[in-house]
Amino acid sequence: MSYQIELRHFNYFLAVAEELHFRKAAERLFISQPGLSRQIKQMEEILETQLFIRNKKKVSLTAAGVYLKDEIEFILNHLELTKRHIKLVSQGKFGELNIGFLGSAMQTVIPDLLLKLKDAFPEINTSLEELSNNAQLNAVLKDGLDIGFVRMVRVPKGLCIKPVFNDTFSVVVPANYKITETKFNGMEQFKGENFILFSQDYSPLYYDTVMSICEDAGFTPKVSHKSVHAQTIFTLVENNLGVAIVPTSLQQGFNMNVKFIELKKIPQRAVLSVIWKEDNRNPVLKHCMQLLLGDEK
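Residues numbered from 1 in each chain as written. Predicted model: local features only at pLDDT ≥ 70, side-chain atom pairs only at ≥ 80, totals over all residues. Heavy atoms only, no water.

Peer 1: An account of the pairing of strand β4 (residues 124-130) is needed here, citing residue identities and associated values.
Peer 2: Summarising the sheet, strand β3 (residues 95-101) and β4 pair through 7 bridges and their orientation is parallel. When the bridges of β4 are listed, Gly95 appears paired with Ile124. (Pairing = 2+ DSSP bridges. Helix = DSSP H or I, 4+ residues; strand = E, 2+ residues; numbered from the N terminus.)

Peer 1: Requested: an account of the UniProt feature "domain: HTH lysR-type" (unreviewed entry) in the protein, with residues and values cited.
Peer 2: Mapped onto this structure's residue numbering, the UniProt feature "domain: HTH lysR-type" (unreviewed entry) falls at residues 5-62. End-to-end, the C-alpha atoms of residues 5-62 are 19 Å apart, and along that stretch the chain is 62% helix and 10% strand. (UniProt positions renumbered as here; feature names shortened; annotations may be inferred.)

Peer 1: Just give me the short version of the sheet that holds strand β7 (residues 169-174), but keep the residues and values in it.
Peer 2: Taken together, the 3 strands give an open sheet; going across it, the order is β10-β7-β11, and neighbouring strands pair in antiparallel fashion. In this open sheet, the two edge strands, each paired with only one partner strand, are β10 (244-247) and β11 (258-263). On average, each strand axis in the sheet is inclined to that of its neighbour by 35°, with strand direction left out of account. Judged from the 4 bridges that link them, β7 and β10 form a sheet pairing that is antiparallel. Among the inter-strand pairings, Phe169 is bridged to a residue of β10, identified as Pro247. Strands β7, β10 and β11 of the sheet are contacted by helix α7 (residues 204-216), whose axis makes an angle of about 125° with β10. (Axes fitted to C-alpha atoms, helices over the stretch in contact; angles between N-to-C directions. Contact = heavy atoms within 4.5 Å.)

Peer 1: So what's going on with the nonpolar core? Residues and values would help.
Peer 2: Of all hydrophobic cores here, the largest spans 39 residues; its most connected members are Val171, Met187, Phe190, Phe195, Phe234 and Ile245. Going through the elements one at a time, β7, β8 (194-198), α7, α8 (230-238), β10 and β11 are the ones with two or more residues in this core. In terms of residue count, α7 provides more of this core than any other element does, 6 residues in total. Aside from chain neighbours lying at most four places away, what touches Ile245 is Phe169, Ser170, Val171, Met187, Phe195, Ile196, Leu197, Tyr206, Val210, Ile213 and Cys214. In terms of nonpolar packing, the next biggest core, distinct from the first, is built from 21 residues, Ile124, Ile147, Val274 and Cys288 among them. (Core = buried A, V, L, I, M, F, W, Y, C linked by side-chain atoms within 4.5 Å. Buried < 20%, exposed > 50% of the residue type's maximum accessible area, 1.4 Å probe, protein only.)

Next comes the structure, spelled out in structure tokens:
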């Protein structure tokens, strides 16, 4: 009796590949563990390839399994995207644009883009998701997102990147802090302070840039806290737990008991870029990029 790969095999494989544990994957899928094991074994027999290394202590992916995981994530993302577009098109819509972003993009580029899209193409639906640089990169590669707003210098082959906003940095201090904009003479004035920064995993380029700002002033900052949310960082600053360095545009949209001291004279800038996949087949992407970049794309 011959078998063929079916969509259920992909879902079963992906659950085990993500959990690396057959019992947990079976619970997630609401099927029995022996049943899941049989399905994975059947998949390996159809493909004539071992996908998992199993022993009593752990489950791990083979090289073929790692490759297949990436491909299945792309396939399932694209299928989900296609299903959503079919439904929207049947309702007379153009389709949907999936946008990823870092928090500061919501204070600058994204509201303007959404307004332009609404005016020019009201039939286009949009969805927004705040994610780290790397999460956006992976999602764009695998068709989970159509575009991402990131802070990075380069992207892998197959992706495009264009700067869309050039921001300054500011030091964020408690509202009653002794140093004000008029008393600010340079970053060396903050040498003894604790620093609260965005996590390095959230935006490695931002983290390295902040380090370079302090190092140019002759010191390495003492990092006391890290977060992925501006609101958390500002709350910690507000409570005198340290100072922060953030893109200046983040002072918009927050009503916190902190003040911003803009670093106008340093060379470092917080550059926000848009990324998208060169062969993205979403039919509404071209309309978005035209509004965002004009003739630059």
